[in-house]
Amino acid sequence: MNTTYDSYSDVEDITRNISNKDCDVSISDALAGLRISALTKAAKMSPNVKEVTIGPRSPLKKEIVVENHQVEFKQESEENLLEDIIRKDLRYLLIMREHQAQLQETSEILCMNLIEKMMSRKAETAMCFGKMLSDECQRRAMEYKARKVQLLKELQNNDNLKILEMAKLDEQRNPIIHTQTLENMNRILEEQNKATARFASITDSHTKICICYNNISNILNTEPLAKDISNKYITSINTVIGNISVIMDLCKTGTVTDKEAKQAEVLAINIDNIKKKILNDLKEIKQQKLIQKQQEEELQRKEIEKKKAQEIKAAEIAQVQKAAPLQANKIKPTFYSIKNYEYFKQLSEFLHQYEGQYKELLENANLKKFRFDCQKAVNTPVNALSSVSGSHIKDKYEKLYKLLKGERVQVLDIYVTATQHPQGLAYCTALLAKKIVRQGDLVVSSNPDAAFPLASVTVALWSQFPEFGKLLEAYFHRQCPYLVPMLLPQKEGQSNKEFYISRGYTYNDEGVVEKQDKFLKRMSGIFRLRCAIWVAKSPKFINATNPCGLRYGWQWLSSFINLKPESDICATLIHDFFIVCGSEFKKCYGKQFIKIIKLISKDYLQILQNIDEGGPKIRLEVFLQNVLTTGIIEPPSGLVQSRTW
């Protein structure tokens, strides 16, 4: 079969394809492609050849055979030439690829070396430039210093003002030279190190003081006996806290010295010594209290036995004395007892003098904010007081206790100290007593159960501050004269308004006296609060009994039923008394109390029958009959027990 190429373009295409492939293509693969191409060309030409063209049977003449041999020889020569060309091109291609890879690697190495040399030269140049700049600055500084010394010498020698101005001008033009000198930098660094050390020392001392102060506060808050010795050290503690606060303020400005650092260490030692002294004193007081408690318990036991005997005897005597006045009332009415009226006058005079102590504070317009803060310190805990929990009651008591003690109290977002003004403590004490009495009018009259938590706190404060209790009684007498008790008649020449005000009535802005039902409700609220104080128990953390306990309520009842009865008010107050106090009085006095109930049910109601047929009298009568029938008086709702808080 005759195989030939149409043109040399086929060879070029094959060469181009081979050269465009990867270096991994071998020469045998290229030749295989060439043979396939030749066979493809022969297959295309075979349909046009009808005779045998190769072999002995070929009819062609010898010339044709010779010509064919020449053609074949030519074709073989061309194929050999093509293979040589392909091999040569491939070898050049591989060599070129290898040289390119070596050239690229060499270029990268040269580039990296060049970059390193450039960076090294740059660093050397920067160091040389920095050294030259530093040398230049030092040289200029030395020249400036020498010039300044020379100018100062000329100024001292010649007293030439122009030279002085030049020196000043030269100094203003070169302010940066001083900060760049090595001597100043070293000095500043040394000062900074010293300041850091001083600040660290002061901070450590402040931390120790804070920890020690918190320990002292915990001791004073958790140990009841610690309050007895707190006044002894409070001044020293406040001095330490004040001084360390001043030192910490100096730290903020950065003006502390070694003196302040040493002072902070001394303050830390001082407050630690104070804590040790408090613990030692507390230990001694506990030992003394333990001994005293054992002695007092023995004496108290004997006094209780003696007191009970006296009260039983006094009740029997009072019972005998009541019968005669009740009969005598038919002939000569009684409006008050002389003893009770004299005590009322004494309290009125005491209240008048006490209110005069803080008159200047009330009249000074510049102290308006202080008065307002004191009112907030009193009103906020009293208004929030409720029987929700024992801890809640104790929290309100402690705020009021600290206020009357003259200590610092936080109220909402402010801090109040009554002793900030010389008359502040007296003002707060009177303000609290008046506020408690007003709660009977404003709160207890609408919610009777609210009287008991208020009474518990009142009794606890009364046992700690007797003067507060005296003020409280005075305000009770002023707001409700039936608590004296007294039922003053209208005097000759006394106006109706004056008479009604003396009986506890109020007038509105239009000059109209309050209605009877409103008056009875208000008096009932104040009286119920007073009854709750009589039956209230002292809390367990106060080692004292109720300073205004049951015997004072017994005295009031004995005195009140000896007065001339009046409609509405008398039946209302006696009924309130039995509802609030009846259960406790029955437990304490037993049969004697039942005798009093029988006396009131029989004789007092018989006198009241002639002047009162209204609801209060009927309610009292029904209550007394129920007690005499069942022998039971239910305790009041909301009563706070001593173990509650």
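For clarity, every value in this text was computed on a predicted model and none was experimentally measured.

Caption draft 1: Main features of the packing of helix H11 (residues 368-384) against helix H13 (residues 424-444). Remark: H11 packs on H13, axes separated minimally by 10 Å, with the N-to-C direction vectors making an angle of 40°. Between H11 and H13, the angle is such that the two are oblique. Regarding H11 and H13, the two cross each other, and that crossing is right-handed. Between H11 and H13, the contacting residues are Phe370, Arg371, Cys374, Gln375, Val378, Asn379, Val382 and Asn383 on the first element and Gly424, Tyr427, Cys428, Leu431, Leu432, Lys435 and Gln439 on the second. Here the contact of H11 with H13 is built from residues that sort into eight nonpolar, five polar and two charged.

Caption draft 2: Region of the structure containing helix H19 (residues 569-589). Taking 1.5 Å per residue as the helical rise, H19 with its 21 residues ought to reach 30 Å, whereas the 26 Å between its terminal C-alpha atoms falls clearly short. Among the 21 residues that make up H19, 17 are buried, leaving the element largely enclosed by the rest of the structure. Glycine 590 sits one or two residues past H19 and shows a positive phi near 55°.

Caption draft 3: Structural detail: the packing of aromatic side chains. Summed over the entire model, instances satisfying the criterion amount to 25 aromatic pairs. Pairing tyrosine 505 with phenylalanine 519 gives two aromatic rings, centres 3.7 Å apart and planes at 10°, and the pair type is stacked. Here tyrosine 505 is found in the loop between helix H16 (496-502) and helix H17 (516-535), whereas its partner phenylalanine 519 is found in helix H17, with 14 residues between them in sequence. Here phenylalanine 527 and tryptophan 556 contribute two aromatic rings whose centre-to-centre distance is 4.7 Å and whose plane-to-plane angle is 45°, an arrangement assigned as tilted. Separated by 29 residues along the polypeptide, phenylalanine 527 in helix H17 and tryptophan 556 in helix H18 (residues 550-560) bring together distant segments of the chain. Judged by its relative accessible area of 0%, phenylalanine 527 is buried. Taken together, the ring pairs connect Phe527, Trp534, Trp554, Trp556, Phe560, Phe577, Phe578, Phe585, Tyr589, Phe593 and Phe623 into an aromatic cluster. Here lysine 394 stacks its cationic end above the ring of phenylalanine 541, 4.7 Å away from the centre of that ring. Lying across the ring of phenylalanine 350, lysine 470 places its NZ or CZ 4.6 Å from the centre.

Caption draft 4: A look at the pattern of salt bridges. Tallied over the full model, the rule gives 15 salt bridges. As a salt-bridge pair, glutamate 514 and arginine 522 come within 2.3 Å of each other at their nearest N and O atoms. Take glutamate 514 and arginine 522: they sit in the same class, and that class is buried. Taken together, the shared-partner salt bridges connect Glu136, Arg139, Arg140 and Glu143 into one network.

What counts, and at which threshold
- Residues numbered from 1 in each chain as written.
- Predicted model: local features only at pLDDT ≥ 70, side-chain atom pairs only at ≥ 80, totals over all residues.
- Heavy atoms only, no water.
- Axes fitted to C-alpha atoms, helices over the stretch in contact; angles between N-to-C directions.
- Helix = DSSP H or I, 4+ residues; strand = E, 2+ residues; numbered from the N terminus.
- Parallel < 35°, antiparallel > 145°, perpendicular 65-115°, else oblique.
- Left-handed = near helix turned anticlockwise from the far one by under 90°.
- Contact = heavy atoms within 4.5 Å.
- Nonpolar A, V, L, I, M, F, W, Y, C, P; charged D, E, K, R; others polar.
- Expected span 1.5 Å × (residues − 1).
- Buried < 20%, exposed > 50% of the residue type's maximum accessible area, 1.4 Å probe, protein only.
- Phe/Tyr/Trp six-rings, centres within 6.5 Å; stacked < 30°, edge-to-face > 60°.
- Lys NZ or Arg CZ within 6 Å of the ring centre and 35° of its normal.
- Salt bridge = Lys/Arg side-chain N within 4 Å of Asp/Glu carboxyl O.

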